[in-house]
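Letter by letter, the chains look like this.
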Amino acid sequence: MTVYQITTNEYLVRIRLFIIVFALVTPTFAISQNKNKSDKPQYRNLFAAAGYSQIDIDKKLTKVYYDVFEGPNKVYFEEGDSLGYVSDIKNNDARTEGMSYGMMVAVQLDKKEVFDRLWRWSVKYMQHQDGPREAYFAWSVNPQTKKQNSPGSASDGELYYITSLLFASNKWGNTTGIDYYKEARRILDAMWKKDGTGNIYNIINIEHKQISFVPEGGGYNWTDPSYHVPAFYEIWALYAKDGHEQFYKECADVSRNFLHKACHPVTGLNSDYTEFNGEPHPTPWMPPGFRYDSWRVPMNIAMDYTWYGKDKKWQEDYAKRFQNFLRSKGLDTYEDQFNLDGSTPDFILQAGSVKKLRHSIGLVATAATASLVNKDKASMDFVHAVWNAKLEPYEDGYFDPYYDGLMYLFSLMHLSGKYQIITPEIK
């Protein structure tokens, strides 16, 4: 073994070099750590920021969940030992929209039995087990007769099914009776095999990298802005692990850019249906306009802003424009359908058997989520408005605990910081 003699001067030189290197490396490491920390979503509790106590916030969320899923005006019904469904009461059907929304609520609020019941009912009565539509879902089913009102799919149903199943896999694992990941992959893997055979396609228009209105026929060639949930594609890229990660990331960016074009530059309003370039898409049953589907857009933008924050500048401007427009119509009186320029439409879309403009709690709820994005302190007025809103019949007797109720519940989850990315449990 060779013995090296180190002089005092050499020792001091080495100490100085060590100090210099450590000083250079440490700030970089600290910055990196801080950056990683700041990159994580900050799930703001705007109700707390508005001055409400956590006890009251928890009570309100619990009460609204009870009203929608358990109370006398509930829209969730259980069948036997293992099944359950969410019904659009006013239309007397179960829809993939409501079923998958119910699953998302259940996984976010840790209601595993509700989630499993909804999924089993979906598989048994809605999911196609063979043919060109295999693994897709009939968007509307009669909950009494179990007859499919329409065998076709509405693309947002599959979007929410897949995302909620991936979250369930992360939250509860895949060994408690349902392999959630396998079920999500079944839909995705089948989706990628649909090339137009039988007139059935991928739910995402491959050329435009945008979700289709419906994945069949002509509906594959236009879209619905409220189906654009860029945050969900980011989730697929992280957790689906099906080899299409880059495509999903690109879809998220395309959706963000699409919303720039679909939302009016002054009012922030968008049409229920649009072309892939954002221009309104008229249909035989409805002219362009901001109606029930469109209510979801501010909530989807608020989710993307909170979860990923990749388009903050535009989203903040959008939220300001959108809320300022509604405020101009009266914070407590603005109606629920508009032409894109903010004028009153000639065509009014009816809800069930009712055709009437009203100050709907569903829009009050989703409009409030834009306060997560709008930095103007005055936007807290919208938070107070949804806090004071009540899920109960309107003065004329009209009541919609389904769509109004689910939008209201989603809004309370967002505004209390309880609607989050669910990451895999660390064992």
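In this text, all values refer to a predicted model and were calculated from it rather than measured experimentally. (Residues numbered from 1 in each chain as written. Predicted model: local features only at pLDDT ≥ 70, side-chain atom pairs only at ≥ 80, totals over all residues. Heavy atoms only, no water.)

Digging into the overall build of the protein
Our working definition: Segments assigned H or I by DSSP are reported as helices when at least four residues long, segments assigned E as strands when at least two residues long, and all are numbered from the N terminus. Here's how the labels work: a residue is buried when its accessible area is under 20% of the maximum for its type, exposed when over 50%, partly exposed in between, all with a 1.4 Å probe on protein chains only. His is not counted here, nor are the chain ends, while Lys and Arg score as positive and Asp and Glu score as negative. To locate a charge, take atom NZ for lysine, CZ for arginine, CG for aspartate or CD for glutamate.
Across its full length, the protein carries 14 helices and seven strands. Residues classed as buried in the protein amount to 54% of the 427 residues present. The distance from the centre of the 48 positive side-chain charges to the centre of the 52 negative ones in the protein is 5 Å.

Comments concerning unusual backbone geometry
With a phi close to 55°, Asn 92 is a non-glycine residue in the positive phi region. Tracing the sequence through the fold places Asn 92 in the loop between strand E2 (83-86) and strand E3 (94-95).

Examining the sheet that holds E3
Quick reminder of the rule: When DSSP finds at least two bridges between two strands, those strands are taken to pair.
Sheet architecture is open: three strands sit in the order E3-E4-E5, paired in antiparallel fashion. Each edge of the open sheet carries a strand with a single partner, namely E3 and strand E5 (148-150).

Re the environment of Cys 263
Note the threshold: What makes two residues a contact is simply this: any of their non-hydrogen atoms within 4.5 Å.
Within the fold, Cys 263 resides in the loop between helix H9 (245-262) and helix H10 (296-307). Sequence separation of Cys 263 and Ile 200 is 63 residues, and the distance between their C-alpha atoms is 29 Å. Excluding residues within four positions of it along the chain, Cys 263 makes contact with Gly 268, Leu 269, Asn 270, Val 297, Trp 314 and Tyr 318.

Structural notes on the packing of helix H5 (residues 112-125) against helix H6 (residues 155-172)
Selection criterion: Here an angle of 0 to 180 degrees is reported between the N-to-C directions of two axes, which are lines fitted to C-alpha atoms, with helices fitted over the stretch in contact. Orientation categories follow fixed angle ranges, with anything under 35 degrees roughly parallel, anything over 145 roughly antiparallel, 65 to 115 roughly perpendicular, and all other angles oblique. We call a crossing left-handed when the near helix sits turned anticlockwise from the far one by less than a right angle, and right-handed when that turn is clockwise. Throughout this entry, Asp, Glu, Lys and Arg are counted as charged residues, while Ala, Val, Leu, Ile, Met, Phe, Trp, Tyr, Cys and Pro are counted as nonpolar. The remaining residues, Gly among them, count as polar.
Taken N-terminus to C-terminus, the directions of H5 and H6 make an angle of 140°; their axes are 12 Å apart at the nearest point. For the element pair H5 / H6, the angle class is oblique. Read as a crossing pair, H5 and H6 show a hand that is left-handed. Residues Lys 112, Phe 115, Trp 119 and Ser 122 of H5 form the contact with H6, whose own contacting residues are Tyr 161, Ser 164, Leu 165, Ala 168 and Trp 172. Across the contact of H5 with H6, the residue classes break down as six nonpolar, two polar and one charged.

Remarks on the packing of H6 against helix H8 (residues 230-239)
A pair of packed helices is characterised by two quantities: the angle between their axes and the separation of those axes. For the pair H6 and H8, the least separation of the axes is 10 Å and the interaxial angle reads 45°. It follows from the interaxial angle that H6 and H8 lie oblique. Here H6 and H8 pass one another in a crossing that is left-handed. Contacts between H6 and H8 involve Leu 159, Tyr 160, Ile 162, Thr 163, Leu 166, Phe 167 and Asn 170 from the first element and Phe 232, Tyr 233, Ile 235, Trp 236 and Tyr 239 from the second. A class-by-class count of the residues in the contact of H6 with H8 yields 10 nonpolar, two polar and no charged.

Notes on the environment of Phe 232
Take Phe 232: it is sitting in helix H8. Sequence spacing of Phe 232 and Gln 210 is 22 residues, and the spatial spacing of their C-alpha atoms is 13 Å. Contacts of Phe 232, omitting those with residues within four sequence positions, involve Met 104, Leu 159, Tyr 160, Thr 163, Met 303, Trp 307 and Tyr 419.

Some thoughts on the packing of aromatic side chains
For clarity, the cut-off: Working definition: rings of Phe, Tyr and Trp (its six-membered ring) pair if their centres are within 6.5 Å, and the pair is stacked with planes under 30 degrees apart, edge-to-face with planes over 60 apart, and tilted otherwise. Charge-over-ring placement is defined geometrically: NZ (Lys) or CZ (Arg) within 6 Å of the ring centre, and within 35 degrees of the ring normal.
Per the stated rule, a full pass over the model turns up 40 aromatic pairs. Geometrically, the ring pair formed by Tyr 292 and Trp 295 is edge-to-face, given 5.2 Å between the ring centres and 80° between the ring planes. Using a relative accessible area of 14% as the deciding quantity, one classes Tyr 292 as buried. The rings of Tyr 101, Tyr 160, Phe 167, Phe 232, Trp 307, Phe 410 and Tyr 419 are connected pair by pair, giving a single aromatic cluster. Directly above the aromatic system of Tyr 65 lies the positively charged group of Lys 111, at a separation of 4.6 Å from the ring centroid. The ring of Tyr 125 is capped by Lys 146, whose NZ or CZ atom sits 5.4 Å from the centre of that ring.

Quick look at the state of the cysteines
Inclusion rule: Throughout, a disulfide means two cysteine sulfur atoms within 2.5 Å of one another.
Inspection of every chain in the model, using the stated rule, returns zero disulfides. The thiol sulfur of Cys 251 is not disulfide-bonded, and the nearest other cysteine sulfur, from Cys 263, lies at 18 Å. Judged by relative accessible area, Cys 251 falls into the buried class, the value being 0%.

Remarks on the nonpolar core
This is how it is decided: By nonpolar core we mean a set of buried residues, namely Ala, Val, Leu, Ile, Met, Phe, Trp, Tyr and Cys, connected to one another through side-chain atoms within 4.5 Å.
Ranked by size, the top nonpolar core spans 131 residues in total, and within it Trp 236 and Phe 410 carry the most contacts. Discounting chain neighbours no more than four positions away, the residues touching Phe 410 are Tyr 101, Met 104, Val 105, Tyr 160, Met 299 and Tyr 419.

Thoughts on the pattern of salt bridges
Close approach of charged atoms allows side chains of opposite charge to pair. Put simply, the rule is: Salt bridges are counted wherever a side-chain nitrogen of Lys or Arg sits within 4 Å of a carboxyl oxygen of Asp or Glu.
With the rule as written, the count across this model stands at 26 salt bridges. Among the salt bridges present, the one from Lys 112 reaches Asp 116, with a minimum N-O distance of 2.8 Å. Of this pair, Lys 112 and Asp 116 both sit in helix H5, four residues apart, which is roughly one turn of that helix. Accessibility expressed as a relative area gives 22% for Lys 112, which makes it partly exposed. For the salt bridge of Arg 117 with Glu 113, the shortest nitrogen-to-oxygen distance reads 3.0 Å. Note that Arg 117 and Glu 113 are positioned in helix H5 at a spacing of four residues, about one turn of the helix. A cluster of three or more residues bridged by salt bridges with shared partners is formed by Asp 88, Lys 90, Asp 93, Arg 95 and Asp 400.

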